Amino acid sequence: MKIVSRNEELLRDALSHIPQSSSKTGLSSCNKLIRFEDISAAAFKIQCGVQKTPCMYSRLSKQYGMDIYLKKEFLQYTGSVKERGVLYLLTSLPQDQQRKGVIVASDSNFSMAVAYHASELRIPVFVIMSTSTSLARVKMCREYGAMVISYGTTAKDSQTHARRLAQENGYLYLEEEDSAVYLSGLGTVGLEVYEQVPKLDAVIFPAGGHCGLLAGSAAALKHLNPQISIIGVESESFPVLQQSLKAGHPIEDQACSNHHFYGDVSGLCFGSNSLQLTGKLVDKVVAVREEDILISMLRLLEYERATVDAEGAIGLAALVAGKLPELKGKRVAVVICSGNLELYLLQQCIARALTLDNRVCRFSLVLSDCPADVSKLLEILAREEARVLDIKQERTFVTSELFTVEVTCTLETRDKIHTAQLRNALLERYPTAAWSER
């Protein structure tokens, strides 16, 4: 957690309880501010403020040839694992700062967690959001109890305004970073997974630029059992963590996407502490395609009834994409860390995922403009057990012979094999049918 205010010594008292590292090598040598004892202390302190989320055996296990357990952190009150680190930070603040209040400037899961838990702790909380922020996020933050102020057209404008308000009013400006307090709170996920699933072989976490969850949980798990494999997963389009590990320092100029679909998956690598812990303790970091993330979201919705965003689905996406064949037959936990998918994106994501999964197809063909011919086509589709999602008939702009109609059908099928069978049946009857590739 990056903390900025008029007086940056405000958190000195909060950090003073963290023991200094000893002369021993190991975890303390790669990060002097976080130890297993700190994570245990965080777990004790936040146990009444956050959910101990289930880590349940998944029906996807048979499909992917391993025992998969899903740690459902999206069931936290604000839909995000970030609550753990935020609550530990807020409860560690000096009382005089709690009375003055805190301020954040973003529409991220982090800000949502600050808005909720600060309100619950009766800490005055202000959230500065740009005018481009979705109305749903603004409404949610206000319902959590925060004072929401719309300012500027970009995130940078909002951050500048928030810093100015912090300086003028004595608020503590919070920006997500990788302080010992924040990492210790996030690391409590690792403690719970270890307790809930015995004889674990591997745990998969979302990575990307904001790898605090990966780093903090790795510290806990590796202390408890060094034989557990810790795996991070990031987007192939934004391999921020892999590039930062290769360079040996956080990458500053990595191009990132502003699209809300990606969330923290495409964020910049935000701190050397997390990076050092990851390099020391994480066994493997893999990258997945956007297509794999979408199919992972579809699998979680169908098999687990879980509506998650890209950050929440990216861990499972590594298994969907076959990126981890060494885990076949093993016992694997996957952390599903976030479920804050914007409603306007939900329909787009599911529709696109069904197409990528070869379960929605489209074709066009030209028939004589006669009801009997269209009826015959529908009979063939019914015989092949395809569900018609949409059918359109174009007469005006058909360039073939007169008195014909171009029919375009969008269909739902069971899977790739069913789609191939349907295509063969139609091409046998209509050789000129044109299929739209996904």
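Thresholds, definitions, all that
Residues numbered from 1 in each chain as written. Predicted model: local features only at pLDDT ≥ 70, side-chain atom pairs only at ≥ 80, totals over all residues. Heavy atoms only, no water. UniProt positions renumbered as here; feature names shortened; annotations may be inferred. Helix = DSSP H or I, 4+ residues; strand = E, 2+ residues; numbered from the N terminus. Buried < 20%, exposed > 50% of the residue type's maximum accessible area, 1.4 Å probe, protein only. Contact = heavy atoms within 4.5 Å. Areas by Shrake-Rupley, 256 points an atom, 1.4 Å probe, with all protein chains shown as cover. Axes fitted to C-alpha atoms, helices over the stretch in contact; angles between N-to-C directions. Parallel < 35°, antiparallel > 145°, perpendicular 65-115°, else oblique. Nonpolar A, V, L, I, M, F, W, Y, C, P; charged D, E, K, R; others polar. Pairing = 2+ DSSP bridges. Patch = residues over 30% accessible without salt bridge, like charges linked within 9 Å, V, L, I, M, F, W, Y side chains within 5 Å. Salt bridge = Lys/Arg side-chain N within 4 Å of Asp/Glu carboxyl O. 1 Å grid on protein atoms, 1.4 Å probe; cavity = no way out; pocket = protein on both sides within 12 Å on 5 of 7 lines; lining within 4 Å. Points joined across faces, edges and corners; volume = space filled by probe spheres on them. Core = buried A, V, L, I, M, F, W, Y, C linked by side-chain atoms within 4.5 Å.

As recorded in an unreviewed UniProt entry, the protein goes by L-serine deaminase and comes from Rostratula benghalensis. Of the protein, the UniProt comment under Cofactor (unreviewed entry) reads exactly: "pyridoxal 5'-phosphate".

> Looking at this structure, I do not really get the overall build of the protein. What am I missing?
Broken down by element type, the protein carries 18 helices and 15 strands. Here the protein holds 438 residues, and the buried ones make up 55% of them. Sequence separation of 24 or more characterises 73% of the internal contacts of the protein that already satisfy a separation of 6 or more. Per element, the accessible surface of the protein, about 20200 Å² overall, is 50% carbon and sulfur.

> How should the packing of helix α14 (residues 290-304) against helix α16 (residues 343-356) be read in this particular structure?
Each pair of packed helices gets described by two things: the angle between the helix axes and the distance between those axes. Following both chains from N to C, one finds α14 and α16 inclined at 105°, their axes separated by 9 Å at the closest point. Relative to α16, the element α14 is oriented roughly perpendicular. Residue-level contacts link Glu291, Leu294, Ile295, Met297, Leu298 and Leu301 of α14 to Cys349, Ile350, Arg352, Ala353, Leu354 and Leu356 of α16. Residues belonging to the contact of α14 with α16 are distributed by class as follows: 10 nonpolar, no polar and 2 charged.

> Mind showing me how you'd approach the sheet that holds strand β2 (residues 55-57) here?
Two modes of strand pairing occur in sheets, parallel and antiparallel, and in both the strands are linked by backbone hydrogen bonds. Here 6 strands make up an open sheet; going across it, the order is β2-β3-β11-β8-β9-β10 and the pairing mixed. Two strands close off the open sheet at either side, each with one partner strand: β2 and β10 (284-288). Taking each pair of neighbouring strands and ignoring which way they run, the sheet shows an average axis angle of 25°. Sitting on the sheet, helix α12 (residues 240-247) touches β9 (229-235) and β10, and the angle it makes with β10 is about 140°.

> I would appreciate a short explanation of a nonpolar patch on the surface in the present structure.
There is a patch of nonpolar side chains on the surface, built from Leu378, Val388 and Ile391 and spanning about 190 Å² of accessible area. By the secondary structure assignment, Ile391 is in strand β13 (residues 387-394).

> Is there a simple way to explain empty space enclosed by the protein in this structure?
Within this structure, the stated rule accounts for 1 cavity of 30 Å³ or more. Here the largest cavity defines a volume of roughly 70 Å³. What lines the largest cavity is a set of 12 residues, among which Lys82, His210, Gly212, Leu213 and Glu311 lie closest to the centre. Looking at the lining of the largest cavity residue by residue, the class counts come to 7 nonpolar, 2 polar and 3 charged.

> Mind showing me how you'd approach unusual backbone geometry here?
With glycine set apart, most residues show a phi of negative sign, and most peptide bonds adopt trans. At Arg122, a position not held by glycine, the phi torsion is positive, near 60°. Looking at where Arg122 falls in the secondary structure, it is placed in the loop between α7 (109-120) and β5 (125-129). The backbone phi angle of Asn358 is positive, close to 60°, even though this residue is not glycine. Along the polypeptide, Asn358 turns up in the loop between α16 and β12 (360-368).

> What exactly am I supposed to notice about the sheet that holds β13 here?
Overall, antiparallel pairing links the 4 strands, which are arranged β13-β14-β12-β15 in an open sheet. Strand pairing shows two members of the sheet lacking a second neighbour, β13 and β15 (434-436), which therefore form its edges. Strand-to-strand, the axes of this sheet are offset by a mean angle of 20°, without reference to chain direction. Looking at chain direction, β12 and strand β14 (residues 404-412) are connected through 9 bridges and run antiparallel. Paired with Arg362 across the bridge in β14 is Thr410.

> I would appreciate a short explanation of the layout of surface pockets in the present structure.
Rolled over the atoms, a probe with the dimensions of a water molecule shows which regions are left empty. Considering only enclosed or pocket space, the second largest pocket measures out at about 570 Å³ in volume. Elements with a minimum of two residues in the lining of the second largest pocket: α16, β12, β13, β14, α18 (416-429) and β15. Looking at side-chain class alone, the lining of the second largest pocket contains 7 nonpolar, 5 polar and 8 charged residues.

> Help me out: how do you make sense of the pairing of strand β11 (residues 331-336) in this one?
Regular strands place side chains that alternate from one sheet face to the opposite one. Most of β11 is tucked away: 5 of the 6 residues are buried. Strand direction decides the pairing type here: strand β8 (residues 202-206) and β11, joined by 3 bridges, are parallel. The partner of Val203 across the bridge, within β11, is Ala333.

> How should I be thinking about the packing of α12 against helix α13 (residues 272-281) in this particular structure?
It is at 10 Å that the axes of α12 and α13 come closest, and there the two elements cross at 85°. Classified by the interaxial angle, the pair formed by α12 and α13 is roughly perpendicular. Mapping the contact onto sequence places Leu241, Ser244 and Leu245 in α12 and Leu275, Thr278 and Gly279 in α13.

> What is the right way to read the nonpolar core from this model?
It is characteristic of soluble globular proteins that their nonpolar side chains tend to be buried jointly. Among the nonpolar cores identified, the biggest contains 45 residues, and Ile204, Phe261, Ile293, Met297, Leu319, Leu327 and Val334 are the most heavily contacted of them. Put simply, the parts of the chain that give this core at least two residues each are β3 (67-72), β8, β9, β10, α14, α15 (310-320), β11 and α16. Once residues within four sequence positions are removed from consideration, Leu327 is found in contact with Met66, Ala202, Ile204, Ile231, Leu319 and Val332. Ranked by size, the runner-up nonpolar core spans 34 residues in total, among them Leu191, Val197, Ala219 and Ala333.

> Is there a simple way to explain the pattern of salt bridges in this structure?
Opposite charge on two side chains permits pairing when their charged atoms draw close. Overall, the coordinates contain 19 salt bridges when judged by the stated rule. Taking the shortest distance from any N to any O, the salt bridge between Lys139 and Glu143 comes out at 2.7 Å. Linking Lys139 with Glu143, this pair stays in helix α8 (residues 135-144), spanning 4 residues, or about one helical turn. A relative accessible area of 51% means that Lys139 is categorised as exposed. Through salt bridges with shared partners, a single ionic network connects Lys71, Glu73, Arg84 and Glu192.

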